[in-house]
Amino acid sequence: MENYHKVDQQTVQALRNIAIRLRINSIKATTAANSGHPTSCCSVAEIMSVLFFHTMRYTPEEPRNPNNDRFVLSKGHAAPALYAVWAELGYLKENELFSLRKVDSILEGHPVPKQRFVDVATGSLGQGLGVACGMAYTGKYFDKASYRVYCLLGDGELSEGSVWEAMAFASYNQLDNLVAVLDINGLGQSDPTPLQHHMEKYQRRCEAFGWNAFVVDGHSVEELCKVLSQPRHQPTAIIAKTIKGKGIPAAEDKMGWHGKVLPKDMADSVVRELHSHILNSSKRLYPATPVDDAPLVNVRNIRMPSGPSYKLGEKIATRKAYGLALAKLGRYNERLVALDGDTKNSTFCEIFKNEHPDQFVECYLGEQNMVSVAVGCAARDRNVVFASTFAAFFSRAFDQLRMAAISESDIILCGSHCGLSAGEDGPSQMGLEDLALFRAIPTATIFYPSDGVATEKAVELAANRKGICFIRTSRPESAVIYNSSEDFHIGQAKVVYRSNDDHVTVIGAGVTLHEALAAAEQLKKERINLRVIDPFTIKPLDAQTIINNAKATKGRIITVEDHYYEGGLGEAVCSAIVNEAGLTVHRLAVVRVPRSGKPAELLKIFGIDRDAIMQVAKKMVSSSANAK
């Protein structure tokens, strides 16, 4: 390896001593908690020592300084080793380590962002490298800054396909500011890992994905210092051969110790032995100062340069309105970033790409990685991040989405081709579970715009909303029903059709709102009046508007949705009114797996079109009349 300035012996010894102390504190903390993964911490001690006290450039007093190098602990169960690092730096008091996993401690079992030295939550394995890719992409292409990104992975998680999605993404985008350190200790949770210590196989795999790959002794601080000092012209994988449980004689390289703590007497004995290996060293190691070249950015108060320009009655698909709105919003916001999963000509994100190519990231058909990259791009408030694909395909990335919520991430997802209205493509392309998925995420806001004006407003509101936002868009063109001056708010529904004597309240969204409006016009001729509500956001749902209008229509409610029964609009409405007496809900939804066909045909076959609404409304009114 060229251009290597050999580390002096005092530094080597100081790094070894730090590694030993990291082992000691990981063992003591997990024993005190009677919970945790000490053997997984012990295999990474030298890696953590060299990264944090020799290689990385950062300001310890400001863990989220935008100029700092980033670190992602993808093998999140080794969190005690990370906490021990920050105790070594003085950011945490050493006695705080013994509060590990206690309900009133910030030191949770896996890293979470309530710890200021953690950017994103980890623990669901296989996701850290994708997040690191988003950070590295931001550093290289958006910030154009010097900071680097380091990600520590375990060998068990290398069985996760999302890791290799990230590997492909990093290579394709030439992320030479990204280093992945693979802790190859050979043992998983319940079995040895598939490749165990066949280091050359790992190396060939990484190289096949376009990475520069080095095999090193993961317990040699000299080798780690050397390999981490090399110039980089492509993403780098450091394949570190380690021993699980290193420093714990009874557990070294032995199955059955994963996630098990050392009993106190055993821990005391091991700690005493480890202490005896700490040699005197007068050298105190400090992290290098980062280069101050990350730009100041402001991702607050993102506003449209002008209002919508749609005319009443004009027809446009909400998926196209999304692309137009995104491009418009990006004109005066260079930190607005759009990702897409090779569906940009269907999601209409290509409109944004064509207008703002330097703010667009193509993630290809790797939806799990796309969500992780989005989380990484949004970390430390560096960008306002939108990511789009078909609504159906976010189900593939649900684990990444729930981890994004735990990460307190602010990202906006747009799912197009929702429901039966995707039409001839058939059920594999139809998002029919997406509302249920996003409703289950505690930090999620769900927008379901029904025309071009509402879509543009949803994009602007989502750009300023904390947490995860989901915008559900449809394939068919639909008429604009709102004036361009219409004001929209999260959690505020719109009554879009009413009279002074309405008989039934109908709640629809997207294509079903237009079916409800058509039903209302038709039934008006038969002197049955429908009051039609557009919820705009499914979560939070405007319960009060629904309740008030339902009471004005003698408690009769029909919900109609282009989604399965479970978890969608109907269930949201039922949950909102559960404590209200005298209200009756009749739900129209997709009851079984659908098939290919024209959208109008499918809406009719599966009973969510205007005729179905009319039939139910007539029955509800007739039943009430007969009851009298």
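Residue numbers here run from 1 along each chain, matching the order of that chain's written sequence. Given that this is a predicted model, residues contribute local features only at a pLDDT of at least 70 and side-chain atom pairs are listed and counted only at 80 or more, while totals for whole chains, interfaces and linings are drawn from all residues. With hydrogens and water stripped out, all remaining heavy atoms of the structure feed into the side-chain values.

- Naming follows an unreviewed UniProt entry, where the chain appears as Transketolase of Paramormyrops kingsleyae.
- UniProt positions are given in the numbering used here, feature names are shortened, and annotations may be inferred rather than shown by experiment. Under Function (unreviewed entry), UniProt gives the following word-for-word description of the chain: "Catalyzes the transfer of a two-carbon ketol group from a ketose donor to an aldose acceptor, via a covalent intermediate with the cofactor thiamine pyrophosphate."
- A UniProt comment under Sequence similarities (unreviewed entry) is attached to the chain, and it reads "Belongs to the transketolase family."

What to know about the domain arrangement of the chain
Okay, step 1: In this document the domain limits rely on a domain assignment from an automatic tool or a database. According to the domain assignment, the chain contains domain 1 (13-277), domain 2 (314-480) and domain 3 (494-626).
Okay, step 2: The C-alpha-based centres of domain 1 and domain 2 are spaced at 32 Å.
Okay, step 3: For this analysis, residues touch if any pair of their heavy atoms sits within 4.5 Å. Listed by partner, the interface residues are 31 residues for domain 1 and 29 residues for domain 2.
Okay, step 4: The largest contributions to the domain 1 side of the interface with domain 2 come from Gln127, Phe142 and Glu165, which together make up 26% of the buried area.
Okay, step 5: For this analysis, a salt bridge means a side-chain nitrogen from Lys or Arg found within 4 Å of a carboxyl oxygen belonging to Asp or Glu. Taken together, domain 1 and domain 2 are joined by three salt bridges.
Okay, step 6: Measuring nitrogen to oxygen at the nearest pair gives 3.1 Å for the salt bridge that ties aspartate 143 to arginine 382. When two parts are put together, the accessible area they lose, computed with a 1.4 Å probe and summed over both, is reported as buried area.

Considering the UniProt feature "domain: Transketolase-like pyrimidine-binding" (unreviewed entry) in the chain
Okay, step 1: As annotated in UniProt, the feature "domain: Transketolase-like pyrimidine-binding" (unreviewed entry) corresponds to residues 316-480 in the numbering used here.
Okay, step 2: Think of it this way: any DSSP run of H or I at least four residues long counts as a helix, any run of E at least two long counts as a strand, and we number them from the N terminus. Within the segment residues 316-480, helix and strand shares are 38% and 21% respectively, and the terminal C-alpha atoms sit 7 Å apart.

A few points about the pattern of salt bridges
Okay, step 1: For the structure on display, the rule yields 29 salt bridges.
Okay, step 2: Between glutamate 526 and lysine 618 there is a salt bridge whose closest N-O contact spans 3.2 Å. Of the two residues, glutamate 526 sits in the loop between α17 (511-524) and β16 (530-534) while lysine 618 sits in helix α21 (residues 610-627), which places them 92 residues apart along the sequence.
Okay, step 3: Residue classification places glutamate 526 among the partly exposed residues on the basis of a relative accessible area of 38%.
Okay, step 4: Each of Asp143, Arg335 and Arg382 takes part in a single network of salt bridges with overlapping partners. Exposure classes here rest on a 1.4 Å probe applied to the protein chains alone. A residue is buried below 20% of its type maximum, exposed above 50%, and partly exposed in between.

A look at the environment of leucine 82
Okay, step 1: Tracing the sequence through the fold places leucine 82 in helix α4 (residues 79-88).
Okay, step 2: Remark: the alpha-carbon pair of leucine 82 and alanine 374, spanning 292 residues in sequence, is separated by 24 Å.
Okay, step 3: When sequence neighbours within four positions are dropped, the list of residues in contact with leucine 82 reads Met48, Phe52, Phe71, Leu73, Pro111, Phe117 and Val118.

Things to note about the packing of helix α3 (residues 45-55) against helix α8 (residues 221-228)
Helix packing for two helices is described by the angle between their axes and how far apart those axes are.
Okay, step 1: Their axes nearest at 10 Å, the elements α3 and α8 cross at an angle of 50°. What the angle tells us is that α3 and α8 run oblique. The hand of the α3/α8 crossing is right-handed. Taking contact as the criterion, the partners of Glu46, Ile47, Val50, Leu51, His54 and Thr55 in α3 are, on α8, Val221, Leu224, Cys225 and Leu228.
Okay, step 2: Charged means Asp, Glu, Lys or Arg here, nonpolar means Ala, Val, Leu, Ile, Met, Phe, Trp, Tyr, Cys or Pro, and polar covers whatever is left, Gly included. Looking at side-chain class alone, the contact of α3 with α8 contains seven nonpolar, two polar and one charged residues. Helix axes use the C-alpha atoms of the stretch in contact, all axes being lines fitted to C-alpha atoms, and the angles between their N-to-C directions lie in the range 0 to 180 degrees. The scheme is simple: roughly parallel for angles under 35 degrees, roughly antiparallel for over 145, roughly perpendicular for 65 to 115, oblique for anything else. In this scheme the handedness of a crossing depends on how the near helix is turned from the far one: anticlockwise by less than a right angle means left-handed, clockwise means right-handed.

Side note on the pairing of strand β2 (residues 149-154)
Okay, step 1: By the criterion of burial, β2 is predominantly enclosed, with six of the six residues buried.
Okay, step 2: Should DSSP find at least two bridges between two strands, the strands are regarded as paired. As paired elements, strand β1 (residues 70-73) and β2 share four bridges and run parallel to each other. Each bridged residue has a counterpart across the sheet, and for valine 72 the counterpart in β2 is cysteine 151.
Okay, step 3: Taken together, β2, helix α6 (residues 161-172) and strand β3 (residues 178-184) form a β-α-β motif whose crossover is right-handed. Looking down the strands as they point away from the viewer, one classifies a crossover as right-handed if the path from the first strand across the helix to the second runs clockwise.

Topic: the environment of arginine 319
Okay, step 1: Its location among the elements puts arginine 319 in helix α10 (residues 318-330).
Okay, step 2: Arginine 319 gets classed as buried once you look at its relative accessible area, which sits at 14%.
Okay, step 3: When the C-alpha atoms of arginine 319 and glutamate 601 are compared, they prove to be 21 Å apart, with 282 residues separating the residues in sequence.
Okay, step 4: Aside from chain neighbours lying at most four places away, what touches arginine 319 is Ser346, Thr347, Phe348, Ser416, His417, Thr473, Ser474 and Arg475.

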